[in-house]
Amino acid sequence: MPLTIRHFRVSVLFLLAAALLAVAGLCFYQGKAPGLLPESSWGPWRNDQLAGWSTHIRVNTWSRAAEARINMGKAEEIMLTAYGDTARGASATGDTVFTLTPDGKLTANRP
């Protein structure tokens, strides 16, 4: 009888560990935990111009996550982090609204 109880405990511990790994893997894939991902999982910074703003964007290769730094000279800097969901940010000096998707697509709208 003690063998059966010990076997049951090992099976339960194994199932709990497998469930925890599955939840952690899902969080990483959805981009919910990008701060825990290693720096090497991020792609290189991509530099571009958008609506007169200087943009720097990088995308995570392991999960659905992207980061963007948007600058208007030294006057203003906007940081966007799209970790699993679309991120939006507006400039304080102008009427520009930026949208960043987790796949690294950045758009600018002026109402």
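Our subject is the structure that appears above.
Residues numbered from 1 in each chain as written. Predicted model: local features only at pLDDT ≥ 70, side-chain atom pairs only at ≥ 80, totals over all residues. Heavy atoms only, no water.

A.B. asks: Give a detailed account of the overall build of the chain, specifying residues and quantitative values.
C.D. replies: Along its length, the chain carries one helix and seven strands. Starting at the N terminus, the α and β elements of the chain follow one another as α-β-β-β-β-β-β-β. Burial statistics for the chain: of 111 residues in total, 31% are counted as buried. Relative to all contacts within the chain whose residues are 6 or more apart in sequence, the contacts with residues 24 or more apart total 29%. With the model as given, the accessible surface of the chain reaches about 7500 Å², and the carbon-plus-sulfur share is 62%. (Helix = DSSP H or I, 4+ residues; strand = E, 2+ residues; numbered from the N terminus. Buried < 20%, exposed > 50% of the residue type's maximum accessible area, 1.4 Å probe, protein only. Contact = heavy atoms within 4.5 Å. Areas by Shrake-Rupley, 256 points an atom, 1.4 Å probe, with all protein chains shown as cover.)

A.B. asks: Help me get a handle on the pattern of salt bridges, residues and values and all.
C.D. replies: Here the structure, examined in full by the defined rule, presents two salt bridges. In this structure, Glu 39 and Arg 58 form a salt bridge, with 2.5 Å as the shortest nitrogen-oxygen distance. Here the residue Glu 39 occupies a position in the loop between helix H1 (2-30) and strand S1 (46-50), and Arg 58 occupies one in strand S2 (residues 53-59), the gap between them amounting to 19 residues. Glu 39 sits in the exposed class, given a relative accessible area of 54%. (Salt bridge = Lys/Arg side-chain N within 4 Å of Asp/Glu carboxyl O.)

A.B. asks: With reference to specific residues and values, describe unusual backbone geometry.
C.D. replies: You will see that Ala 51, though not glycine, has its phi angle at about 55°, which is positive. In this structure, Ala 51 sits in the loop between S1 and S2. For Ala 51, a relative accessible area of 35% translates into the label partly exposed.

A.B. asks: So what's going on with the pairing of S1? Residues and values would help.
C.D. replies: In terms of strand pairing, S1 meets S2 through five bridges, oriented antiparallel. Considered in S2, the bridge of Gln 49 is made with Ser 54. Joining the antiparallel neighbours S1 and S2 is a turn of two residues, in which Ala 51 adopts a positive phi near 55°. (Pairing = 2+ DSSP bridges.)

A.B. asks: Go over the sheet that holds strand S7 (residues 106-109), please, and point to the residues and values.
C.D. replies: Taken in spatial order, the three strands of this open sheet run S5-S6-S7, and their pairing is antiparallel. Every interior strand has two partners, whereas the edge strands, strand S5 (87-90) and S7, have only one. Within the sheet, the average angular offset between the axes of one strand and its neighbour, ignoring direction, is 20°. Note: S5 against strand S6 (residues 97-100), four bridges, orientation antiparallel. In the strand pairing of S6, Gly 89 is matched with Phe 98. (Axes fitted to C-alpha atoms, helices over the stretch in contact; angles between N-to-C directions.)

A.B. asks: How would you summarise a nonpolar patch on the surface if you had to cite specific residues and measurements?
C.D. replies: Taken together, the side chains of Val 12, Leu 13 and Leu 16 define a hydrophobic patch exposed on the protein surface, amounting to about 280 Å² of accessible area. Position of Leu 16 relative to the elements: it lies in helix H1. (Patch = residues over 30% accessible without salt bridge, like charges linked within 9 Å, V, L, I, M, F, W, Y side chains within 5 Å.)

Structural measurements only, silent on function.
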